[in-house]
Amino acid sequence: MVTEILYGKKAIQDRRDRVNELHLVVKGNRGWLEEFCKRYPHLDTIEGGKLLTAVSRGTCDDFEVLRCFEDFIPFIQENQPEWFKKQLGILIPAKDGN
C-alpha cells in the first residue's frame with residue numbers, strides 16, 4: 001500500500017502500473033463502477049470521471065485514485081458482491097428438476 005507521494009518518472013510509471021494491475025481485477029465487469037462511485041463519492045464528479053477514464057486507458061497515475069483502488073479491491077475480494085461473483089463464475093445456475 002502506498003503511504004507517501006513519490007515524484008519522478010519512475011514513481012509516476014510505478015503508480016500507473018499499480019493502478020492498472022488493480023483495475024484488471026474488475027475490468028470488464030458492469031457492477032464495479034457503480035459500487036466504486038458509491039464508496040468514493042468524490043470520484044463521482046466530472047473531474048473524477050476524467051480520472052476514471054484515464055484509469056481505463058491505462059494512463060492514470062493519480063495518487064488518490066491509487067489509494068482508493070488499494071482500498072476497494074481487497075474490500076470486494078473479501079465481501080464478494082453479487083456482480084463480483086458473476087465475474088468470477090462462482091455462481092452456477094441451479095439445474096431444473098429434469
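As shown above, the structure is provided for reference.
Scope of this entry: the structure provided in the associated data block. Fair warning: this is a prediction, and the values are worked out from it, not measured in the lab. Residue positions are given per chain, counting from 1 as you read along its sequence in written order. Residue-level local features of this predicted model are given only where pLDDT is at least 70; pairs of side-chain atoms are given and counted only at 80 or more, and the full residue set underlies all totals for whole chains, interfaces and linings. Here the side-chain values reflect all heavy atoms present in the structure, with hydrogen atoms and water set aside.

## Some points on helix α3 (residues 46–57)
Part 1 of the argument: Counting from the N terminus, the helices are DSSP H or I runs at least four residues long and the strands are E runs at least two residues long. The span you would expect from a helix comes to 1.5 Å times its residue count less one. Helix length check: α3 (12 residues) gives 17 Å between terminal C-alpha atoms against 16 Å at 1.5 Å per residue, within 8%.
Part 2 of the argument: Listing the buried residues of α3 in full gives G48, L52, A54 and V55. Taken around the axis of α3, the buried residues stretch over an arc of 155°, which confines them to a single face. Turned more than 90 degrees off the buried face of α3, the exposed positions are I46, K50 and R57.
Part 3 of the argument: Whether two residues touch is decided by their heavy atoms; if any such pair falls within 4.5 Å, the residues are in contact. Tucked inside the fold, the buried residues of α3 contact α1 (9–23), α2 (32–39) and α4 (63–79).
Part 4 of the argument: Trailing α3 by a residue or two, G58 shows a phi angle of about 85°, which is positive. Think of it in three bands: residues with accessible area under 20% of the maximum for their type are buried, residues over 50% are exposed, and the middle band is partly exposed, with areas taken using a 1.4 Å probe on protein chains only. For this quantity, the arc is that covered by the directions from the helix axis to the C-beta atoms.

## Thoughts on the packing of α2 against α4
Part 1 of the argument: In contact at an axis separation of 11 Å, α2 and α4 are set at 120° when each is read in the N-to-C sense. Taken together, the axes of α2 and α4 lie oblique to each other. The interaxial crossing formed by α2 with α4 has right-handed handedness. Between α2, through W32, E35, F36 and R39, and α4, the contact on the second element is made entirely by C68, F69, D71, F72 and F75. To get an axis, fit a line to the C-alpha atoms, keeping to the stretch in contact for a helix; angles then go from 0 to 180 degrees between the N-to-C directions. An angle below 35 degrees is treated as roughly parallel, one above 145 as roughly antiparallel, one from 65 to 115 as roughly perpendicular, and anything else as oblique. Each crossing gets its handedness from the near helix: less than a right angle anticlockwise from the far helix is left-handed, clockwise is right-handed.

## Describing the pattern of salt bridges
Part 1 of the argument: Here a salt bridge means any side-chain nitrogen of Lys or Arg lying within 4 Å of a carboxyl oxygen belonging to Asp or Glu. Counted by the stated rule, this structure contains 6 salt bridges.
Part 2 of the argument: Here R18 ties to E70 by a salt bridge, and the two come within 3.2 Å at their closest N and O atoms. With R18 in helix α1 and E70 in helix α4, the pair connects residues that are 52 residues apart, well separated along the chain.
Part 3 of the argument: The exposure class assigned to R18 is partly exposed, which follows from its relative accessible area of 29%.

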